[in-house]
Amino acid sequence: MTQPSAPSRATAAFGAQGLLLDLINNPADPGYAAVAARRMKRDEPRQQVKDKVLTAVGAALIGVLLVVAYLHTHRIAPATSRTHDALVSKVRSAQQDARALQQQIETLQSQISDVRDRILPRAGQLLNELQLMRIEAGTLAVFGSGVLVTLGAQTKSGVTPAPRAGSTSIATTSTLTDRDVRSVVNELWHDGAEAISVNDIRLTPTSAIRFAGQAVLVDFQPVTSPYRIRAIGDPDVLVTNFASSAVVSRYHTLAGLGDVQFSFAEQPRVDIKAGTVAAVHYAQAAS
Amino acid sequence: MIAVIAMALGVVAGVVLHPTVPPELEPYLPIAVVAAMDAVFGGLRARLEHIFDAKVFVVSFVSNVFVAAMIVFFGDQLGVGGALSTAVVVVLGIRIFGNAAAIRRQVFHA
């Protein structure tokens, strides 16, 4: 039984703590006890019919509420997961299509180069020029000495989740964005790199490094941290220039603060795959 | 007894009528459910202690739902909605648990 005086006693004795003690020790609604006490005092007769109707209405209301909540939760969940599954399978099939098309491009490319090799004179001036241009355009797989730069996001452990789901901004979840990858790549070009790949995606003159959602897109292909940026070039010039650049000192500072992982090393052999260049449609040679 | 029948009727009505919840009321649904469960357990306990009162039962249910929704609503407006929902659930959850324990003592005398 609830003693109406007990809460006030506990509250008086322990202050705010008493409130919590009351909460745990006296879970019963004091209203029932109060009404019962009042009725005892006045000796009121129970209003049977009215009571029953009220109880029934209240209980029915609770029943409706519970079942609505149940239906709502269980009707929504499958719909959400269905949409999610559909989207995932769509993405998967699109990725498969892209891979198949990529393979087709590669076979056609090799056919083209076969045909070209047959037509062009061996080791001629023309072939050399073409090869140089194709290396510059990034349509030829290349290897050589170079540098490997690793740029990785440090997983943040101390980030407090936002009070409401969906309000977490990108900046708090991933430290590295397209700008970081781009600045490293641009610095490498500036330092004399002849070919660059980001996570094995060859950069061509028309390549774009962008940011969408939480992924860095290199030529519309998502890449994730850690970003491995390979560059081919004269190791002495490339590494020396790169090491003394502002970009490197910035990322070294950030790595020292523990925000990112950053390292680079000279490599005796770097392999870079061929990239695909969109065909030039509109530009024409002026002369 | 009448309450059990009425609740069953309410459940059936909910299944049959299939009312849709407007999206702006959605965040209050879980809170309302917890408040409703608190009212049910409180009422059950009062009934076992022979002090059940229909008015208290209905008023406590309605006001619990209303106050809980208010707390969440204002919390939402002021940017502490998640924390206040947790507070409501914790408080009502403790009450449900305590009432369930009291019911257990009444029923099993243990």
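Structure's up top.
Remember, it's a predicted structure, so these values are computed and weren't measured experimentally. (Residues numbered from 1 in each chain as written. Chains lettered and ligands numbered in written order. Predicted model: local features only at pLDDT ≥ 70, side-chain atom pairs only at ≥ 80, totals over all residues. Heavy atoms only, no water.)

> Hey, could you run me through the nonpolar core in this one?
Note on soluble globular proteins: their nonpolar side chains tend to be buried together. One finds A:Val149, A:Val181, A:Val184, A:Val185, A:Leu188, A:Ile196 and A:Ile229 to be the most contacted residues of the largest nonpolar core, which totals 28 residues. The set of elements that each furnish at least two residues to this core consists of strand 1 (142-153), helix 7 (178-190), strand 2 (195-198), strand 5 (215-218), strand 7 (227-232), helix 8 (235-243), helix 9 (246-257) and strand 8 (260-272) of chain A. For this core, the element with the most residues is helix 7 of chain A, which contributes four residues. Core analysis: the second largest hydrophobic core is formed by 22 residues, A:Ala33, B:Ala46, B:Phe57 and B:Val58 among them. (Core = buried A, V, L, I, M, F, W, Y, C linked by side-chain atoms within 4.5 Å. Buried < 20%, exposed > 50% of the residue type's maximum accessible area, 1.4 Å probe, protein only. Helix = DSSP H or I, 4+ residues; strand = E, 2+ residues; numbered from the N terminus.)

> What exactly am I supposed to notice about the packing of aromatic side chains here?
Each aromatic ring pair is specified by the distance between its two centres and by the angle formed by the two planes. Residue and element names in this part refer to chain A. In this structure the tally under the stated criterion is six aromatic pairs over all chains. Both rings, one in Phe-262 and one in Phe-264, keep their centres 6.1 Å apart while their planes meet at 50°; by these two values the pair is tilted. On the basis of relative accessible area, Phe-262 is assigned to the buried category, the value being 9%. For Phe-264, a relative accessible area of 23% puts it in the partly exposed group. Of note, Arg-269 hangs over the ring of Phe-143, and the distance from its end group to the ring centre comes to 4.1 Å. (Phe/Tyr/Trp six-rings, centres within 6.5 Å; stacked < 30°, edge-to-face > 60°. Lys NZ or Arg CZ within 6 Å of the ring centre and 35° of its normal.)

> I tried to follow the interface of chain A and chain B on my own but got confused; where do I start?
Think of interface size as the accessible area that goes away when the parts come together; that is how it is often given. Each partner contributes to the interface: chain A provides 36 residues, whereas chain B provides 42 residues. Across the chain A-chain B interface, the total number found is zero salt bridges. Between chain A and chain B we count zero residue pairs in polar contact (both at pLDDT 80 or more) in total. Elements supplying a minimum of two residues to the side of chain A that touches chain B: helix 2 (16-25), helix 3 (30-42) and helix 4 (48-119) of chain A. A total of 21 residues in the side of chain A that touches chain B trace back to one element, the largest contributor, which is helix 4 of chain A. Looking at the side of chain A that touches chain B residue by residue, the class counts come to 24 nonpolar, five polar and seven charged. (Contact = heavy atoms within 4.5 Å. Salt bridge = Lys/Arg side-chain N within 4 Å of Asp/Glu carboxyl O. Polar contact = N/O pair within 3.5 Å; in protein donor to acceptor, adjacent residues only side chain to side chain. Nonpolar A, V, L, I, M, F, W, Y, C, P; charged D, E, K, R; others polar.)

> When you look at helix 3 of chain A in this model, what are you seeing that I'm missing?
An α-helix turns once every 3.6 residues. As a result, residues three or four positions apart point the same way. Relative to the 18 Å expected for 13 residues at 1.5 Å per residue, helix 3 of chain A spans 18 Å between its end C-alpha atoms, a close match to the ideal helical length. Every buried residue of helix 3 of chain A is accounted for by A:Tyr32, A:Ala33, A:Val35, A:Ala36 and A:Arg39. Buried residues in helix 3 of chain A, looked at end-on, bunch into an arc of 165°, giving them a common side. Of the exposed residues in helix 3 of chain A, those oriented more than 90 degrees away from the buried face are A:Lys41 and A:Arg42. Along its buried surface, helix 3 of chain A packs onto helix 2 (29-48) and helix 3 (54-78) of chain B. (Expected span 1.5 Å × (residues − 1). Arc of directions from axis to C-beta.)

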